[in-house]
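Chain by chain, the residues:
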Amino acid sequence: MSSIVVIGSVNLDLVATVKKLPAPGETVTDAELNRFPGGKGANQALAAKRLGAEVQLLACVGDDSAADEALALLREGGVDLSEVRVEADISTGTALIAVDPSGENHIVVAPGANKKLATDLLRIPDAEAMICQLEVPTDTVARAGAEFGGFFCVNLAPAQHVDVSVLQRADLIIVNETEAAWYGESLDACSGMIATTFGAAGAVLTRNGEDLARVKPPRVDAIDTTAAGDTFTAALALALVEGQQPESALRFACAAGAAATRTLGAQPSLPTRQEVLRLMEDAAI
Ligand code: RIB
């Protein structure tokens, strides 16, 4: 079984299902409100675990009841939470999410305790792979990558400045098309692989500007795209660490991401490996 350490965020997602996403200055009503465990780090950790890896999450939460709610499915799913720190006098991260009937969303994050995740407080464990995202301080990501000896995957989301050392160190960078445009030519500093996702249109995996693979995901009826990118990230890192070839790894990741859009909420939607393989079989991809 592959071992993965995830350094990242834990959020409680407050999800309003709306008939239409609000335009700037617009109020929409008649939403239905739900609470789900989320956060890009936590989602990627649980996704990797459900897909078959041994996973440890390094994260920070507040000393509040939201932390218990946010960690519940990780705990139930068997993710190692022994290095999740509880910080006093700060709230657990919270995400305000609106989802429309096509599954599209708007997300606003109040990071709270996620901002407190500093590498000098962390013991970086041995593992085959490390996955990071940018909802925690970017210098933590840079220092974790420098200290870690295994396969280093960074999901550059949400888009923000990162030290060039992160791009140079990463074996795998993952961006969506909006993030790819935001980073532009700075991604040329990567000598590892870059996966760019295009939602229902699929994904491309490149190295040094050359295509390694291009894949379209299976068609699904999307209910909520929240955490589809997190699932894709976990699945691609895991498949590559397992030794799958780029094309096969990208196909698995696209199917995993698509599978995660079929259920409302971030962590309730994360598929098991069997569910992903069944979707691939049904779609004959
Ligand atoms: O990637 C999806 C996640 O982004 C949500 O779960 C939310 O918490 C935000 O961090």
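Below is a summary of the structure that appears in this document. Residue positions are counted from 1 within each chain, in the order its sequence is given. Note on the predicted model: pLDDT of at least 70 is required for a residue's local features to be given, and 80 or more for side-chain atom pairs to be given and counted; whole-chain, interface and lining totals, by contrast, use all residues. To get the side-chain values, all heavy atoms of the structure are used, and hydrogens and water are removed first.

1. Some words on the site of the ligand
Argument step 1. Each residue is tested against the molecule or strand, and it is near if at least one of its non-hydrogen atoms lies within 4 Å. As a structural note, the neighbourhood of the ligand is formed by 13 residues, with D13, G39, K40, E135 and D230 the closest of them.
Argument step 2. In this structure, an oxygen atom belonging to the ligand sits 2.6 Å away from a side-chain N or O atom of D13.
Argument step 3. With respect to the ligand, the side chain of E135 contributes an N or O atom lying 2.5 Å from an oxygen atom.
Argument step 4. Surface accessibility in these figures is a Shrake-Rupley result with a 1.4 Å probe; residues are shielded only by whichever protein chains are displayed. The protein chains hide 96% of the 280 Å² of surface that the ligand would expose on its own.
Argument step 5. Put simply, DSSP H or I for four residues or longer makes a helix, DSSP E for two residues or longer makes a strand, and each gets a number counted from the N terminus. Elements with a minimum of two residues in the shell around the ligand: strand 2 (11-17) and helix 1 (40-50).
Argument step 6. The residue classification treats Ala, Val, Leu, Ile, Met, Phe, Trp, Tyr, Cys and Pro as nonpolar and Asp, Glu, Lys and Arg as charged. All others, Gly included, are polar. Taken together, the residues of the shell around the ligand sort by class into 4 nonpolar, 5 polar and 4 charged. Any N or O atom pair separated by 3.5 Å or less is treated as a polar contact, with the protein-specific requirement of one donor-capable and one acceptor-capable atom, and with residues adjacent in sequence counted only for side-chain atom pairs.

2. Brief notes about the packing of helix 1 against helix 6 (residues 228-241)
Argument step 1. In the contact formed by helix 1 and helix 6, the axes pass within 8 Å of each other and the chain directions differ by 50°. By the criterion of interaxial angle, the relationship of helix 1 to helix 6 is oblique. Considering how the two elements wind past one another, helix 1 and helix 6 form a crossing that is right-handed. Across the interface between the two elements, K40, N43, Q44, A47 and A48 from helix 1 touch D230, T231, T233, A234 and L238 from helix 6.
Argument step 2. Among the residues making up the contact of helix 1 with helix 6, the classes are represented as 4 nonpolar, 4 polar and 2 charged. Where helices are involved, their axes are fitted lines through C-alpha atoms of the stretch in contact, as for all axes, and angles between N-to-C directions lie from 0 to 180°. With respect to orientation, any angle under 35 degrees is reported as roughly parallel, any angle over 145 as roughly antiparallel, any angle of 65 to 115 as roughly perpendicular, and every other angle as oblique. Two helices crossing with the near one rotated counterclockwise from the far one by less than a right angle form a left-handed crossing, whereas a clockwise rotation gives a right-handed crossing. The contact definition used throughout considers only heavy atoms, calling two residues in contact when any of these lie within 4.5 Å.

3. A few points about the pairing of strand 8 (residues 129-132)
Argument step 1. Burial classes follow relative accessibility: with a 1.4 Å probe on protein chains only, a residue under 20% of its type's maximum area counts as buried, one over 50% as exposed, and anything between as partly exposed. Of the two faces of strand 8, both are covered, the one formed by A129 and I131 as well as the one formed by M130 and C132.
Argument step 2. Relative to strand 9 (residues 151-155), strand 8 runs parallel, the two being bridged by 4 bridges. Paired with M130 across the bridge in strand 9 is F152.
Argument step 3. Convention used here: a crossover is right-handed provided that the path from the first strand, over the helix, to the second strand proceeds clockwise when the strands point away from the viewer. Once the chain exits strand 8 it traverses helix 3 (residues 138-147) before rejoining the sheet at strand 9, and the crossover so formed is right-handed. Strands were regarded as paired on the criterion that DSSP finds at least two bridges between them.

4. Section: the nonpolar core
Argument step 1. Counting residues in hydrophobic clusters, the biggest one holds 57 residues, and the most contacted among them are L57, L74, L172, F232, L236 and L250.
Argument step 2. Of all the elements, helix 6 adds the most residues to this core, at 9 residues.
Argument step 3. Grouped together as the second largest cluster of nonpolar side chains are 29 residues, C132, L134, V136 and A142 included. We call a set of buried residues a nonpolar core when its members are Ala, Val, Leu, Ile, Met, Phe, Trp, Tyr or Cys and they connect through side-chain atoms within 4.5 Å of each other.

5. Some words on the pattern of salt bridges
Argument step 1. When a carboxyl oxygen of Asp or Glu is within 4 Å of a side-chain nitrogen of Lys or Arg, the pair counts as a salt bridge. Using the criterion set out here, one finds 9 salt bridges in the structure.
Argument step 2. Taking the shortest distance from any N to any O, the salt bridge between E54 and K49 comes out at 3.6 Å.
Argument step 3. D211 is paired through a salt bridge with R214; the nearest N and O atoms lie 2.7 Å apart.

6. Here we look at the pairing of strand 10 (residues 172-176)
Argument step 1. A large share of strand 10 lies buried, amounting to 4 of its 5 residues.
Argument step 2. Across 3 bridges, the pairing between strand 9 and strand 10 is parallel. The residue bridging V154 from the neighbouring strand is I173, located in strand 10.
Argument step 3. Note that the unit made of strand 9, helix 4 (residues 164-169) and strand 10 has a crossover that is right-handed.
Argument step 4. Note: strand 10 against strand 11 (residues 193-197), 5 bridges, orientation parallel. Residue pairing in the sheet places N176 in a bridge with T197 of strand 11.
Argument step 5. In the classification by handedness, the crossover that spans strand 10, the intervening helix 5 (residues 177-183) and the parallel strand 11 is right-handed.

None of the figures reported here should be taken as evidence of function without further support.
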